Amino acid sequence: MHVPWRRVASWHCNACGMCCRVYTPRLTAYEYLKLRGTGFVIEKAGRFYIRKIGGKCPFQSGRLCSLQNDLKPLACKTFPFVVRRKGEEEGLFELNGDEFYVYADTFCPNLKIKRDRRPAVAELVREAVMLFTGRGRLSRLTATIPETAKPQQPPRRLVMA
Ligand code: SF4
Ligand code: SF4
């Protein structure tokens, strides 16, 4: 279920890896082209997705993601937040005079919901909107992983074009 960002009291990622097993991220056309050489992406009716293998994303290494920075899809970078161009008042987030509508997916077990409308996660939402607009870097919208625990090897079939 998606809720407007103003209803989110707090969120952090502890890298449980559940979202990478349950969801099939949708890709932009550009992301699809960048990852096509891996053989792990598919096109269905003009839409692009990561192809699940064995019930999980093939880029998942243990609980972590082996794709980082420019290769990691936007939908994964902003999860559990989703940025849209249309929505309801409670989801409105303005950045530099531009209007965005941001929602959060309650699937994530570390997302806490509240009743009042006082903004609590505005900085996280700002980062999601910045990523959506192609600006900014992934910083707070990810788990803090010790360097030694990060995946060292991409999947074997990862051959970049
Ligand atoms: S975003 Fe949520 S579900 Fe996904 S890895 Fe982080 S804590 Fe787990
Ligand atoms: S690309 Fe990475 S973050 Fe996205 S679903 Fe796959 S493992 Fe998870």
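Keep in mind it's a predicted model, so treat the numbers as computed, not measured.

Chemist: How would you explain the pattern of salt bridges if you had to name every residue and give the values?
Modeler: What the rule picks out here adds up to three salt bridges. Its salt-bridge partner being Glu90, residue Arg7 comes within 3.0 Å of it at the nearest N-O pair. One end of the pair, Arg7, is in the loop between β1 (2-4) and β2 (8-11); the other, Glu90, is in the loop between β8 (81-84) and β9 (92-95), and 83 residues separate them in sequence. Arg137 is the partner of Asp70 in a salt bridge, and the nearest nitrogen-oxygen pair spans 3.5 Å. A residue pair is termed long-range when its members are at least 10 positions apart, and Asp70 in the loop between β7 (64-65) and α3 (74-78) and Arg137 in the segment after α4 (122-132) qualify at 67 residues. Each member of the pair, Asp70 as well as Arg137, carries the same accessibility label: exposed.

Chemist: Account for the site of ligand 1, with residues named and values stated.
Modeler: Ligand 1 sits among Trp11, Cys13, Asn14, Ala15, Cys16, Gly17, Cys19, Phe79, Cys108, Pro109 and Asn110. Grouping the amino acids of the shell around ligand 1 by side-chain chemistry returns eight nonpolar, three polar and no charged.

Chemist: Pulling in residues and values, what's your account of the environment of Pro119?
Modeler: Relative to the helices and strands, Pro119 resides in the loop between β11 (111-113) and α4. Along the chain, Pro119 and Arg47 lie 72 residues apart, while their C-alpha atoms are 34 Å from each other. When sequence neighbours within four positions are dropped, the list of residues in contact with Pro119 reads Trp5 and Arg6.

Procedures and definitions
- Residues numbered from 1 in each chain as written.
- Chains lettered and ligands numbered in written order.
- Predicted model: local features only at pLDDT ≥ 70, side-chain atom pairs only at ≥ 80, totals over all residues.
- Heavy atoms only, no water.
- Salt bridge = Lys/Arg side-chain N within 4 Å of Asp/Glu carboxyl O.
- Helix = DSSP H or I, 4+ residues; strand = E, 2+ residues; numbered from the N terminus.
- Buried < 20%, exposed > 50% of the residue type's maximum accessible area, 1.4 Å probe, protein only.
- Near = heavy atom within 4 Å.
- Nonpolar A, V, L, I, M, F, W, Y, C, P; charged D, E, K, R; others polar.
- Contact = heavy atoms within 4.5 Å.

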